[in-house]
Structure formats: C-alpha cells, structure tokens
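Below, each chain spelled out in residue letters.
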Amino acid sequence: GQQVMQIPQYQHVQEGEDFTTYCNSSTTLSNIQWYKQRPGGHPVFLIQLVKSGEVKKQKRLTFQFGEAKKNSSLHITATQTTDVGTYFCAAVPTDSWGKFQFGAGTQVVVTP
Amino acid sequence: GAGVSQSPSNKVTEKGKDVELRCDPISGHTALYWYRQRLGQGLEFLIYFQGNSAPDKSGLPSDRFSAERTGESVSTLTIQRTQQEDSAVYLCASSQGHGVFTLHFGNGTRLTVT
C-alpha cells in the first residue's frame, strides 16, 4: 500500500530561522495537500499542489511539489512563534481520488 | 452549519462498552471522512463516504468499528466492545466532493477507555 513519510518528525527552531519539512510518497500522487494543527486544535487546510514541479507561496511559507509527483516540501522563512504546531502532508494517490493518506507530521517548536 | 460539528467532545467509557460518535458535516458537502489520531501521532484513515457510493471502509481497524451516514448529512462512528487501545481523538472531516477535496475538520471527540 501507499506509504507517506514525513521528515523530520520534530523540529526545534530559533525564532527568525528558516526550516524545511519534507513529505515523500512511495507512489505517484494526483495531488498533495498541507495542513497545520495547532496544539489542542484540529488540522486546518493550508495549500493544495496539483502540477508537477508546482511552487506556491503564502507569505513566509513556500510549498513545492516534486517533478515526479512523489514528494513535496514546506519551507518556512523567518520563523515566528505563531508557526508553532504540527504540519501534515496529505497525499492523494492517482488511483483513489478523495482518499487522503496523512504523513505522521512534523511538530515544530519555536524558541523566542 | 458554519463548520463541521462533532459530539460529544469528550467521552470516557469503560472497557467493553459500546460508544457512538456523531459528526455533522458542512451543509452541501458530499464527502465525509473519519480519522483517528492517537496522542502525538498522525492521522489514521478509517472510512470515507462520497455521496451515495459505497463507503471506503478499508481503514477500519477491526470489525468492532462501523460507520453509517444518512444521505449526505450526519454520520455516526460506532465502536463496539471498546478496548484501551481505542483511546484517541476521532476526527471527522467533510469536503465538497465533485473534484474539490479540501478537508474541513471538526474539533474531534476525545475518547478515553478506562
């Protein structure tokens, strides 16, 4: 079956620093989505990537979809305390529209 | 409603008892999902409903778990003869379907089996 791996599982960042979290799938994806879950909250949709090599930006967040549509990354620049939370990628395989497989998430802790 | 509503928000039950969790999706959303999230873990897919199609039950961990959905509205997730390993947050999400699959999550039901 499809495997979705996220690395790192845990990221401790100094405020103002940049970091990147990665999502890798064992199979080709139709699209990938990213969600953020604040401590004690529920996942909230951030972005969807559909095209091979697609890059999308949301302020300090940059999302990229790999050329082979098997991996994705989320890069955050100038980290702020509001970036605290767990970031999940959600992969949709080409043969199963709507059936999302979530990665284990990257838990981000920001030190002021 | 304005968002996905789940009830109860917390449930404590004794091992061996049955529990029923409820999800009210966003009005008009044809797709509905149940996920399980153990403490500090990712989201584990349980079941997916899309319109009137047969649900995708491939994520249900055992035959103690079942889910129903009434048309394109309320869904209930039932866990029979609960075990301690069933303790987790059960998250429901809905999406518009019809090619739009952005998930809108409820606040979840925190289930504790003692």
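Every chain is numbered on its own, with residues counted from 1 as its sequence reads. Throughout, the order in which chains and ligands are written sets their labels, letters from A for the former and numbers from 1 for the latter. Per-residue local features are limited, in this predicted model, to residues with pLDDT of at least 70; the limit for side-chain atom pairs, both in listing and counting, is 80 or more; totals at the level of whole chains, interfaces and linings are taken over all residues. For side-chain calculations, the full set of non-hydrogen atoms in the structure is used, while hydrogens and water are omitted.

Details of the pattern of salt bridges
Residues and elements named next belong to chain B. Put simply, a salt bridge is a Lys or Arg side-chain nitrogen that is within 4 Å of an Asp or Glu carboxyl oxygen. Scanning the model with the defined rule gives 7 salt bridges over all chains in all. We note a salt bridge from Arg-38 to Glu-44, for which the minimum N-O separation is 3.9 Å. Only protein chains enter the accessibility calculation, which uses a 1.4 Å probe; a residue is then buried when its area is under 20% of its type maximum, exposed when over 50%, and partly exposed in between. Owing to a relative accessible area of 29%, Glu-44 belongs among the partly exposed residues under this scheme. Ionic contacts of the salt-bridge type, sharing partners, join the residues Arg-36, Arg-38 and Glu-44 into one network.

Considering the sheet that holds strand β6 (residues 55–58) of chain A
All names here are of chain A. Within the open sheet, the 5 strands sit side by side as β1-β3-β8-β7-β6. Their pairing is antiparallel. Of all the strands in the sheet, just β1 (4–7) and β6 have a single pairing partner and so form its edges. Taking each pair of neighbouring strands and ignoring which way they run, the sheet shows an average axis angle of 15°. DSSP calls a pair of strands paired once it identifies at least 2 bridges connecting them. Each helix is a run of DSSP H or I of at least 4 residues and each strand a run of E of at least 2, with the numbering of both proceeding from the N terminus. Where β1 and strand β3 (residues 19–25) come together, 4 bridges link them in antiparallel fashion. Convention adopted: a line fitted to C-alpha atoms gives each axis, helices being fitted over their contacting stretch, and angles between N-to-C directions are expressed from 0 to 180 degrees.

Looking at the sheet that holds strand β3 (residues 19–24) of chain B
What holds strands together in a sheet is hydrogen bonding between their backbones, with the strands either parallel or antiparallel. All names here are of chain B. As summarised here, the arrangement of the 4 strands in space is β1-β3-β7-β6, forming an open sheet in which the pairing is antiparallel. Every interior strand has two partners, whereas the edge strands, β1 (5–7) and β6 (65–69), have only one. The sheet shows a mean angle of 15° between the axes of neighbouring strands, direction not considered. As paired strands, β6 and strand β7 (residues 75–79) are joined by 5 bridges and run antiparallel to one another. Bridge pairing in β7 places Glu-68 opposite Thr-76.

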